[in-house]
Amino acid sequence: MNHDDVQTWLDAYIEAWRTYDPAAIAALFTEDATYAYHPWDEGEDVVRGRDAIVADWLEEQDEPGSWEAQYRPLLADGERAVATGTTRYASGRSYWNLFVLRFGEDGRCAEFVEWYMVQPPEEREGGSQG
């Protein structure tokens, strides 16, 4: 995978999230993929398998138009990649994201680990006093 390949995958990830189309979600992941919402997730906290990932995405859906996201590859090296970006919700919540990714030979993600930080409210309102 190179930077362009990873960007294409990230764009498809955003579109699958936007539509919640099960086929589009499934197309992102290998059959035996793992998906961790936090870097410390282990055991049952890790979603295992493409079908389970699709089902997990469909359980709690964001309202259409309630968010925007932009992700870009930071590093792509063979089957491994790291991407960064932001997710902003209309409610005012903002997240800074880091994705650690491992891809299969077919360009689908085999391992997804998400790291995110919530932007503090004072930073959203124009910065903190100091």
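Structure's up top.
The rules we used
- Residues numbered from 1 in each chain as written.
- Predicted model: local features only at pLDDT ≥ 70, side-chain atom pairs only at ≥ 80, totals over all residues.
- Heavy atoms only, no water.
- Core = buried A, V, L, I, M, F, W, Y, C linked by side-chain atoms within 4.5 Å.
- Buried < 20%, exposed > 50% of the residue type's maximum accessible area, 1.4 Å probe, protein only.
- Helix = DSSP H or I, 4+ residues; strand = E, 2+ residues; numbered from the N terminus.
- Contact = heavy atoms within 4.5 Å.
- Salt bridge = Lys/Arg side-chain N within 4 Å of Asp/Glu carboxyl O.

*Asks:* Sorry if this is basic, but what is going on with the nonpolar core here?
*Replies:* Buried together is how nonpolar side chains tend to be arranged in soluble globular proteins. Core analysis: the biggest nonpolar cluster contains 31 residues, and Trp 9, Tyr 13, Trp 17, Phe 29, Trp 57 and Phe 112 have the highest contact counts within it. Elements with a contribution of two residues or more to this core: α1 (3-19), α2 (22-26), β1 (29-36), α3 (50-59), β3 (67-77), β4 (80-89), β5 (94-103) and β6 (109-118). Looking at this core element by element, the count peaks at seven residues for α1. Once residues within four sequence positions are removed from consideration, Trp 17 is found in contact with Trp 57, Asp 62, Trp 67, Ala 69, Tyr 71, Thr 87 and Tyr 89.

*Asks:* Looking at this model, I keep getting lost on the pattern of salt bridges. Mind explaining?
*Replies:* Once their charged atoms are close, side chains differing in charge can pair, the charge on each being opposite to the other. The tally for this structure, following the rule as stated, stands at four salt bridges. Arg 18 is the partner of Glu 15 in a salt bridge, and the nearest nitrogen-oxygen pair spans 3.6 Å. In this pair, Glu 15 and Arg 18 are both assigned in helix α1, three residues apart and thus about one turn of the helix distant. What makes Arg 18 partly exposed here is its relative accessible area of 45%. With its nearest N and O atoms 3.6 Å apart, the salt bridge here joins Asp 106 to Arg 108. Among the residues examined, Arg 108 registers a relative accessible area of 25% and is labelled partly exposed. The network of salt bridges with common partners includes Arg 80, Arg 102 and Glu 111.

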